[in-house]
Amino acid sequence: MNTRKKILLCITQSTAGGAQQYVYDLAVHLPPDQFEVVIVAGGSGPLIKRAQEKGIRAIPVSGLDRDISLVHELQAFFNLTKIFIKEKPDIIHLNSSKMGTLGVCAAAIAQLLTLNFKSRIIFTVHGWGFREDRNTPQRMAIFGMSWIAARFHHHTITINSADHKDTRAFIPHKKISMIPLGLEKIEFMERDNAREFFSRNNPSIKNKFLIGVTAELTKNKGISYLLQALRLLKDSPAANPIEVHTVIMGEGKERQHLETQRQMLGLVNDTSIIGFVPEAKQYLKAFDAFVLPSVKEGLPYAAMEAMGAGLPIVASDVGGIPDLVSPHTTGLLTRAKDPHALARHIRNIIDNEDGRRAMGICAQEKIARSHSLEQMITSTANLYHELTQPYQ
């Protein structure tokens, strides 16, 4: 008799973002003798391909997209309902704000149509949608939908302190667990070899102060504000001028806008947008500092990976970033959407060699101490077992 629990890990997009990394890590590392894991995601992006390479079954869903379209929403809703009916999962684990709402509606209809109510619905908060950079009516609407959806989630997982505080304001405490993200051990490339990788197409950057950025190119990541800060940095006089180059790794809908912006700001020779880099984390030791100017975050893997490489972090004071970045200990925090403050903090890192080295050491120690992948997997597996016990 097969006693394994079937887990559907559902997410809106199959891109290469942090929430997708979370889904991938769960799918690959949950004990296979206890769980049968299936990924359900929109599109056929890197998440689907990486999962299939590991022998994880993945189901692409038509109609799922971050942008709102009534036709696509209905298409995705019906497709999800059919998947839930066919798969008969023990756990439907939803990720991303849109999936948290659309997925729970599809799950409820699937249960009503089959009169099978065994599936437990879990939602992981990767940054609440009502905290995004939107106008007030949109944020209110998203909060309303999140509140309604939460009534039908059997449990909510938070991954950082800020989201946990928000969640406790409108969801019963007994239905919430805080399980921080964990990082798998990374085999970093040696610094000289990593710098060689980035200087192949641009030899002039090899001996410059290198700033690294790894992010999906969306408005939430705030790269536009970083470019403004880099222009301010370039225009400001420095007592000890150091040549600086910023390498932005990632792909997304903002790519063309950012390319145009860096040309208009005269930063073509000072920045590189190199697109999606497979296993980008292995090259992180090439950099002297790491910047994450996000407007909205969950608990960013990009910052965790950079800290694991021993880099000082300059990042926005949003979402779960303050859980990682302790000011003047593991990095520096700045206000979101403030290019002037961001430029000052980057200058501080550039000018203070001893300080940035000390922050990098502390950052590396903090990740090793507080963000174990094994602990994340164990805590999540225990929650799955708890929720699927009889009479839950």
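The shown structure was predicted, so the numbers you read here are calculated from the model rather than taken from an experiment.

## Topic: the nonpolar core
Residues L9, I39, M376 and Y384 are the most contacted members of the largest nonpolar core, which totals 66 residues. Tallying contributions element by element places helix α14 (residues 373–387) first for this core, with seven residues. For L9, the contacting residues outside a window of four places in its chain are V23, L26, A27, V37, V38, I39, V40, H93 and Y384.

## Comments concerning the pairing of strand β12 (residues 313–316)
The two faces of β12 match: I313 and A315 on one face and V314 and S316 on the other face are all buried. Sheet analysis places strand β11 (residues 289–292) next to β12, joined by three bridges and oriented parallel. Its bridge partner being in β12, F290 is matched across the sheet by I313. The pairing of β12 with strand β13 (residues 331–334) spans four bridges and is classified as parallel. For A315, the partnering residue across the bridge sits in β13 and is L333.

## Section: a nonpolar patch on the surface
On the surface, I109, L112, L113, L115 and F117 cluster together into a nonpolar patch covering about 540 Å² of accessible area. The residue L112 is located in helix α4 (residues 97–114) in this model.

## Some thoughts on the packing of helix α10 (residues 301–308) against helix α13 (residues 353–370)
Here α10 crosses α13 at 115°, and the two axes come no closer than 7 Å. On the basis of their axis angle, the class for α10 and α13 is roughly perpendicular. The element α10 and its partner α13 pack so that their crossing is left-handed. Only G360, A363, Q364, K366 and I367 of α13 make contact with α10, whose side of the interface consists of M304, M307 and G308. Taken together, the residues that form the contact of α10 with α13 break down as four nonpolar, three polar and one charged.

The rules behind each value
- All chains use their own residue numbering, which begins from 1 and follows the written sequence.
- Since the coordinates come from a predicted model, pLDDT governs what is reported: local features require at least 70, and pairs of side-chain atoms require 80 or more to be given and counted, while whole-chain, interface and lining totals use all residues.
- Neither water nor hydrogens contribute to the side-chain values; these are computed over all heavy atoms in the structure.
- Nonpolar cores were defined as sets of buried Ala, Val, Leu, Ile, Met, Phe, Trp, Tyr and Cys residues, with membership established by side-chain atoms within 4.5 Å.
- Buried, partly exposed and exposed residues are distinguished by accessible area as a fraction of the type maximum, computed with a 1.4 Å probe on protein chains only: under 20%, between the cut-offs, and over 50%, respectively.
- The way it works is that DSSP assigns letters per residue, a run of H or I at least four long becomes a helix, a run of E at least two long becomes a strand, and they are numbered from the N terminus.
- By the convention used here, residues are in contact when the closest approach between their heavy atoms is within 4.5 Å.
- Only strands joined by at least two bridges in the DSSP assignment are considered to pair.
- Patch membership requires more than 30% relative accessible area and the absence of a salt bridge. Residues of like charge join within 9 Å; the nonpolar side chains Val, Leu, Ile, Met, Phe, Trp and Tyr join within 5 Å.
- Every accessible area reported is derived by Shrake-Rupley at a probe size of 1.4 Å, with residue values counting cover from the shown protein chains alone.
- Salt bridges are identified by distance alone: a Lys or Arg side-chain nitrogen within 4 Å of an Asp or Glu carboxyl oxygen.
- The axes are straight lines fitted to the C-alpha atoms, using for helices just the contacting stretch, and the angles between their N-to-C directions are given from 0 to 180°.
- Here is the rule for angles: anything less than 35 degrees is roughly parallel, anything more than 145 is roughly antiparallel, 65 through 115 is roughly perpendicular, and the remaining ranges are oblique.
- Each crossing is labelled by how the near helix is turned from the far one, with a counterclockwise turn of less than a right angle marking it left-handed and a clockwise turn marking it right-handed.
- All amino acids are sorted into three groups, where Ala, Val, Leu, Ile, Met, Phe, Trp, Tyr, Cys and Pro are nonpolar, Asp, Glu, Lys and Arg are charged, and the leftover types, Gly among them, are polar.

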